[in-house]
Amino acid sequence: MNNYLKLKWYDIVLALILFFLGALVLSPLFSILAKKLHTNPYVFTPILTIGNYLIVYLVYYLVGLKPRKERFTISYSLKNSKLFPIALLLFFGQYLVSEFLTGLIPTQGGIFEKMYKTMSYALLGNAGNYPIITFISVCIVAPIFEELFFRGFILKGMLNNQIKPQKAILISALIFGGIHIFPWQAVGGILAGIVLGITFYKTGSLLTCTLLHCINNTIGFIFFIRYKSLESPELGFSNFTLFIVGIIIIAIFGCIYMKLTKNQSWKSY
């Protein structure tokens, strides 16, 4: 009998600790390298991201998977490809909802203003000056490795461990949102994580989730390059109107999605 990856709460805590430790170790190293090469450390962002996740997998393999003789497999087959357009519409719906909810978070006064300025400087200060690096990092590297970690590792490990799907999807989404730190990114991350989690649970394929993630980030990147702003462009409708449209899209296509997949159940792998 195959002994597939199974995660308990302490496994998830260990993986997150490794994730942050990896960043703490690699960031100074690349800063030193950038200084020696007389360049901005930002140019190493894609390599830093990849290296950070590789550290997590390598250490966890040695201390977790190998001792328990568990297998960590990855599936990039496009299973249930007919569901992709519906999943894409669901993702669009959650985007409209998250934009409305994000707009409710204050950006002025107290700690929120400080956090917003920090986030804006971190993103606008470098991304606009290095568009190619930003595209590689945000639209290619991040979707691949974040989906591999949050859906392919954390969510799959919980589902394999027979944790209830609703609970596993919510936990993985909360972690995905929380990892973005800033509330304006965290809200969208949580909602996107729920849609991506449901998609992964129903299809078992990381490819669908990665494509959705890539499309989402690419649209955001295009808006950023075009308008030089972290905020989405005005579409001629009120945010509340777009929120209602998002809710309607989620309700309609969510029901269709669930109806088409009602006979599908999770299979450990």
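This write-up is about the structure you can find in this document. (Residues numbered from 1 in each chain as written. Predicted model: local features only at pLDDT ≥ 70, side-chain atom pairs only at ≥ 80, totals over all residues. Heavy atoms only, no water.)

### Looking at the packing of aromatic side chains
Part 1 of the reasoning: Per the stated rule, a full pass over the model turns up 22 aromatic pairs.
Part 2 of the reasoning: Centroid distance phenylalanine 150 to phenylalanine 176: 5.1 Å. Interplanar angle 65 degrees. Geometry classified as edge-to-face. One end of the pair, phenylalanine 150, is in helix H5 (residues 131-160); the other, phenylalanine 176, is in helix H6 (residues 165-178), and 26 residues separate them in sequence. The same class applies to phenylalanine 150 and to phenylalanine 176, which are both buried.
Part 3 of the reasoning: Aromatic rings pair up to connect Phe19, Phe20, Tyr53, Tyr57, Tyr60, Phe72, Phe145, Phe149, Phe150, Phe153 and Phe176 into one cluster.
Part 4 of the reasoning: Just above the ring of phenylalanine 176 sits the side chain of arginine 151; from NZ or CZ to the centre is 4.5 Å. (Phe/Tyr/Trp six-rings, centres within 6.5 Å; stacked < 30°, edge-to-face > 60°. Helix = DSSP H or I, 4+ residues; strand = E, 2+ residues; numbered from the N terminus. Buried < 20%, exposed > 50% of the residue type's maximum accessible area, 1.4 Å probe, protein only. Lys NZ or Arg CZ within 6 Å of the ring centre and 35° of its normal.)

### Observations regarding the side chain of serine 172
Part 1 of the reasoning: Relative to the helices and strands, serine 172 resides in helix H6.
Part 2 of the reasoning: Residue classification places serine 172 among the buried residues on the basis of a relative accessible area of 0%.
Part 3 of the reasoning: Excluding residues that lie within four positions of it along the chain, serine 172 makes contacts with Phe150, Ile154, Leu155 and Met158. (Contact = heavy atoms within 4.5 Å.)

### Let's talk about the nonpolar core
The nonpolar side chains of a soluble globular protein tend to be buried, and buried together.
Part 1 of the reasoning: In this structure, Ile12, Tyr53, Tyr60, Phe149, Phe150, Phe153 and Ile154 are the most contacted members of the largest nonpolar core, which totals 43 residues.
Part 2 of the reasoning: For this core, the secondary structure elements donating two or more residues are helix H1 (9-37), helix H2 (45-68), helix H3 (84-103), H5, H6, helix H7 (183-203) and helix H8 (206-227).
Part 3 of the reasoning: A per-element tally of this core places H5 first, with 10 residues.
Part 4 of the reasoning: Once you skip the residues sitting within four places of it in the chain, phenylalanine 149 turns out to touch Ala15, Leu16, Tyr53, Val56, Tyr57 and Ile154.
Part 5 of the reasoning: With 5 residues, the next largest nonpolar core counts Ile105, Met119, Phe182 and Trp184 among its residues. (Core = buried A, V, L, I, M, F, W, Y, C linked by side-chain atoms within 4.5 Å.)

### Looking at unusual backbone geometry
Part 1 of the reasoning: Positive phi outside glycine occurs at histidine 38, with the angle close to 55 degrees.
Part 2 of the reasoning: The topology assignment puts histidine 38 in the loop between H1 and H2.
Part 3 of the reasoning: The exposed category is assigned to histidine 38, whose relative accessible area is 74%.
Part 4 of the reasoning: For lysine 69, which is not glycine, the phi torsion reads 55 degrees and is therefore positive.
Part 5 of the reasoning: Positionally, lysine 69 belongs in the loop between H2 and H3.
Part 6 of the reasoning: On the basis of relative accessibility, which here comes to 69%, the residue lysine 69 falls in the exposed class.

### Quick word on the state of the cysteines
Part 1 of the reasoning: Applying the stated rule across the entire model yields 0 disulfides.
Part 2 of the reasoning: With no disulfide of its own, cysteine 214 lies 6.2 Å from the sulfur of cysteine 139, the closest cysteine sulfur. (Disulfide = S-S within 2.5 Å.)

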